[in-house]
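Tertiary structure, described
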Amino acid sequence: MRIVFMGTPDFAVPCLKRLVDDGNEVVGVFTQPDKPKGRGYTLTPPPVKVFAEENGIPVFQPESMRDGEALEILKRLNPELNVVTAYGKILPAEILYLPKFCSINIHASLLPKYRGAAPIQWCILNGEKETGVTSMLMNEGLDTGDMLISEKLPIDENMTAGELHDKLSLLGADVLSKTIRALLDNSLTPIKQNDDESCYSPMLTKALCPIDFTKTIDEVHNKIRGLSPWPTATAVLGGKKVKIHSSEKTELICGAPGEITVSDGDMFVACKDGKLLKILELQPEGKKRMSAEAFLLGHKIQSGDSFK
């Protein structure tokens, strides 16, 4: 099948790779423009572009999908199907419906739940026990198209958003492969989404980062793992901001919210009702990420000190 793929970050690469591995004719890749990164602001290509160029696939990086330029490119490419995975741009109707089989999207949630930009992180922030990937026929709404194939994935209580991202990206490739096979077999049965069951997952911002230790241990733990690796949960200790990358719940009880307990090289912090959360990895300002044990060796922290 002649396919145009649209995607940008690491999450989308397994889907593009599966299209190639399955023998589809990927006639072009649309991805976001290169962006400056790092301290030197070096212009860096998105991961999808890197993979496409390594595999000899033409790459297009339009600034806009609405000025007619992208549409003319697509008309020349003449795809039978558009496949969209974490592209980051809204597609107008003339692009969505141009190919014979229109456009399908691979979305990292069990739709209609967690429509929007950050479904992986919000599943964890909200304490969900499972999530998954859904393929859908795209329409002009935001993740509102008819569902095609869904696959579920359990969420371990200590799994971070970064770890879940990697698992879902691979699952997304499987769902895409099954969707295209079913499309060719004419065995797909689109299912309309129930809007009453939907919820939205907005973009993450650094405003979410500060931890409120008067919340329950579940809420604090979910924030830490849901914001890892970015934008990362934070707290203030000794007047300085500290990033907290990972944690683990315990059944221990001691102290007021935010109060630290140090025991045998381990570091705990009290949440609501004094329940202790074990801190596994931290990152002081201007320093590298480190274990709690290494942090304690380099800082004069003792039981009774508090995170603010």
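A brief structural summary. (Residues numbered from 1 in each chain as written. Predicted model: local features only at pLDDT ≥ 70, side-chain atom pairs only at ≥ 80, totals over all residues. Heavy atoms only, no water.)

1. Notes on the nonpolar core
Ranked by size, the top nonpolar core spans 65 residues in total, and within it Phe5, Leu16, Leu168, Met267 and Phe307 carry the most contacts. Looking at this core, the element that brings in the most residues is helix H6 (residues 161-185), giving 8 residues. The contacts of Met267, once residues within four sequence positions are left out, are Leu237, Ile260, Thr261, Leu277, Lys278, Ile279, Leu282, Ala292, Phe295, Leu296, Ile301 and Phe307. Formed by 17 residues, the second largest nonpolar core is a distinct cluster that contains Val4, Phe60, Met65 and Leu71. (Core = buried A, V, L, I, M, F, W, Y, C linked by side-chain atoms within 4.5 Å. Buried < 20%, exposed > 50% of the residue type's maximum accessible area, 1.4 Å probe, protein only. Helix = DSSP H or I, 4+ residues; strand = E, 2+ residues; numbered from the N terminus. Contact = heavy atoms within 4.5 Å.)

2. Some remarks on helix H7 (residues 217-226)
The buried count for H7 comes to 7 of 10 residues, which makes it a mostly enclosed element. Of the positions making up H7, those classed as buried are Ile217, Val220, His221, Asn222, Ile224, Arg225 and Gly226.

3. Things to note about the pairing of strand E7 (residues 103-107)
Along E7, 5 of the 5 residues are buried, which leaves the element largely enclosed by surrounding structure. Note that strand E6 (residues 81-85) and E7 share 3 bridges and pair parallel. Across the sheet, Asn82 pairs through a bridge with Ser103, a residue of E7. Here E7 runs beside strand E9 (residues 130-137); their pairing, made up of 4 bridges, is antiparallel. Note on E9: the bridge partner recorded for Asn105 is Met136. (Pairing = 2+ DSSP bridges.)

4. Here's the deal with a nonpolar patch on the surface
On the surface, Ile90, Leu142 and Tyr200 cluster together into a nonpolar patch covering about 320 Å² of accessible area. Tracing the backbone through its elements, the reader meets Leu142 in the loop between E9 and strand E10 (147-154). (Patch = residues over 30% accessible without salt bridge, like charges linked within 9 Å, V, L, I, M, F, W, Y side chains within 5 Å. Areas by Shrake-Rupley, 256 points an atom, 1.4 Å probe, with all protein chains shown as cover. Salt bridge = Lys/Arg side-chain N within 4 Å of Asp/Glu carboxyl O.)

5. Quick word on the pattern of salt bridges
Under the defined criterion, the tally for this structure stands at 14 salt bridges. Between Asp21 and Lys17 there is a salt bridge, with the nearest N and O atoms lying 2.8 Å from each other. One end of the pair, Asp21, and the other, Lys17, are both in helix H1 (residues 13-21), 4 residues apart, so they sit about a helical turn from each other. With a relative accessible area of 39%, Lys17 lands in the partly exposed category. Close ionic contact of Glu130 with Lys152 constitutes a salt bridge, the shortest N to O distance being 3.8 Å. With a gap of 22 residues between them, Glu130 in strand E9 and Lys152 in strand E10 connect regions that are remote in the sequence. Its relative accessible area of 38% is what places Glu130 among the partly exposed residues. What emerges from the salt-bridge pattern is a single network uniting Glu157, Asp218 and Lys249.

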